[in-house]
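Secondary and tertiary structure notes
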Amino acid sequence: MSDRITLSKVTAAREVLHGIAHTTPIVTSRSLDHESNALVFLKCENFQRTGSFKFRGAYNAVSQLKLQNHRGSVITVSSGNHAQGIALACRLLGYQAQVVMPKPFAEMKYRSVRSYGATVIVAEDRTDAEQLLSNLVDEPSAAFVHPFNDPDVIAGQGTVMMELIEQQPHLDAVLAPVGGGGLLSGLCVTSHALNPRTKIYACEPAGALDAMESVKENRIVPATVLSTIADGLRTSLGDLTLPILRRHLTGFFVVEEREIATAMSFAFERLKVVIEPSSAVALAPLLRRESSLIGKRIGIVLTGGNVDQDLFCRCLDAATAAEGGTRERREI
């Protein structure tokens, strides 16, 4: 089924998003280049509408429903950035969004989803969320948009790589965090078609290594035992994203919790940008000077900047107390 996501589909998504999504900037930093011993180009999706790359896929998917003359509501399940993307996309395209948000979730993301006009249905946990979602899906007038395991969502996320290649066409590698794999699948398909020599790495918290295990075992390993502040990465791969990642990824970088906090602190203090923990996972390998990245031209997707103030301050405090990190890279 992974052949349903092609470059032509990403190109079509680019047209849909033109004038709607922001063309996000590339940020460079001499401090970061020095710290990583590499040439680093940060693709700042934290400056995207809703504060995350998720808006791209959400808007593209809802636009396809519009083209199909869908006249009912749009439903999804998400505790974070996809929920915000769907809520705004529906507001812009004239749909009522119904969002199931399983606990725990960041209060700021909950408020944001509601501010875009979506109906929020709070679930006590993911099991409860699945039951609530199944009830909504049974409504004949409702259309479900999956957070990542959807061809139109993946194609929308692929536009990140299309822009990145136009802005910096000669990258040796691109790093991005992995949760359900929708972003990385879009990056992989687009890069393979336009710049196949660029290596793509997935970055994953040590407390949530289900994606790495799934790629290694060629089956979806459920994200069950999770221990990470990177809330956007607490999910399993899908049957669309797994084969794409197995085919295209060069490898995984495993990131410890203290490294996430350190990366958030570095971005704030040295780069003057706010990123959420999930986004910081992709920056961390550079700060520990991964040997395979030294001396190379590296693209990093800063996926989002939606982080509660209290959590952000705790991460800065943790970074101050941290005593350096370990270095680990695992090939597929």
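Residues numbered from 1 in each chain as written. Predicted model: local features only at pLDDT ≥ 70, side-chain atom pairs only at ≥ 80, totals over all residues. Heavy atoms only, no water.

1. Examining the overall build of the protein chain
Assigned secondary structure in the protein chain consists of 13 helices and eleven strands. For the protein chain, the C-alpha atoms occupy an extent of roughly 55 × 40 × 40 Å along the three principal directions. For the protein chain, the residues scored as buried account for 58% of the 332 residues in total. A separation of at least 24 residues holds for 75% of the contacts in the protein chain among residues at least 6 apart in sequence. Carbon and sulfur atoms make up 48% of the accessible area of the protein chain, which totals about 13700 Å². Distance from the positive charge centre (34 side chains) to the negative charge centre (35 side chains) of the protein chain: 6 Å. (Helix = DSSP H or I, 4+ residues; strand = E, 2+ residues; numbered from the N terminus. Buried < 20%, exposed > 50% of the residue type's maximum accessible area, 1.4 Å probe, protein only. Contact = heavy atoms within 4.5 Å. Areas by Shrake-Rupley, 256 points an atom, 1.4 Å probe, with all protein chains shown as cover. Lys, Arg positive; Asp, Glu negative; His and termini not counted. Charge placed at Lys NZ, Arg CZ, Asp CG, Glu CD.)

2. Thoughts on helix α13 (residues 309-321)
With 13 residues, α13 ought to run about 18 Å at 1.5 Å a step, and its terminal C-alpha atoms sit 19 Å apart, in line with that. Restricting attention to buried positions, one finds in α13 the residues Leu-311, Phe-312, Cys-315, Leu-316 and Ala-319. Buried residues in α13, looked at end-on, bunch into an arc of 140°, giving them a common side. Exposed and facing more than 90 degrees away from the buried side of α13 are Gln-309, Asp-310, Arg-314, Asp-317, Thr-320 and Ala-321. Against the buried residues of α13 lie α11 (257-271) and α12 (277-287). (Expected span 1.5 Å × (residues − 1). Arc of directions from axis to C-beta.)

3. A look at the packing of helix α8 (residues 182-194) against helix α10 (residues 241-248)
At their nearest, the axes of α8 and α10 sit 9 Å apart, and the two run at 50° to each other. Considering the angle they form, α8 stands oblique to α10. Viewed along their axes, α8 and α10 form a crossing whose handedness is left-handed. Of the residues in α10, those in contact with Gly-182, Leu-184, Ser-185, Cys-188, Val-189 and His-192 of α8 are Thr-241, Ile-244, Leu-245, Arg-247 and His-248. Of the residues in the contact of α8 with α10, the class split is five nonpolar, five polar and one charged. (Axes fitted to C-alpha atoms, helices over the stretch in contact; angles between N-to-C directions. Parallel < 35°, antiparallel > 145°, perpendicular 65-115°, else oblique. Left-handed = near helix turned anticlockwise from the far one by under 90°. Nonpolar A, V, L, I, M, F, W, Y, C, P; charged D, E, K, R; others polar.)

4. A short note on the confidence of the model for the protein chain
When pLDDT is averaged across the protein chain, the result is 91; 95% of the residues are at 70 or more. Note that pLDDT drops below 50 for residues 325-332; the model gives that stretch 33 contacts with residues more than four away or on any other chain. (pLDDT = per-residue confidence, 0-100.)

5. Observations regarding the packing of α11 against α13
Interhelical geometry of α11 versus α13 gives an angle of 100° and a closest axis separation of 8 Å. Relative to α13, the element α11 is oriented roughly perpendicular. Across from Ala-261, Thr-262, Met-264, Ser-265 and Phe-268 in α11, the residues of α13 making contact are Phe-312, Cys-315, Leu-316, Ala-318 and Ala-319. Its residues assigned to classes, the contact of α11 with α13 comprises eight nonpolar, two polar and no charged.

6. Considering the sheet that holds strand β5 (residues 119-123)
Here we have four strands laid out as an open sheet, ordered β5-β4-β3-β6, and parallel in their pairing. The open sheet is flanked by β5 and β6 (142-144), the only strands paired with a single partner. Sheet twist, expressed as the mean angle between neighbouring strand axes with direction ignored, is 25°. Bridge count for strand β3 (residues 73-77) against strand β4 (residues 97-102) is four bridges, and the pairing is parallel. (Pairing = 2+ DSSP bridges.)

7. Quick notes on the environment of Ser-279
With respect to the secondary-structure elements, Ser-279 resides in helix α12. Sequence-wise, Ser-279 and Glu-45 are 234 residues apart; in three dimensions their C-alpha atoms are separated by 9.3 Å. Excluding its chain neighbours within four sequence positions, the residues that come into contact with Ser-279 are Val-301, Leu-302, Thr-303 and Gly-304. In terms of polar contacts, Ser-279 uses its side chain to reach the backbone amide nitrogen of Thr-303, at 3.0 Å. (Polar contact = N/O pair within 3.5 Å; in protein donor to acceptor, adjacent residues only side chain to side chain.)

8. Comments concerning the nonpolar core
Counting 39 residues, the largest nonpolar core has Leu-42 and Ile-300 as its most contacted members. Listed by contribution, the elements that provide at least two residues to this core are β2 (39-44), β7 (173-177), β8 (199-205), β9 (251-255), α11, α12, β10 (297-302) and α13. Formed by 32 residues, the second largest nonpolar core is a distinct cluster that contains Leu-183, Leu-209, Ile-244 and Leu-249. (Core = buried A, V, L, I, M, F, W, Y, C linked by side-chain atoms within 4.5 Å.)

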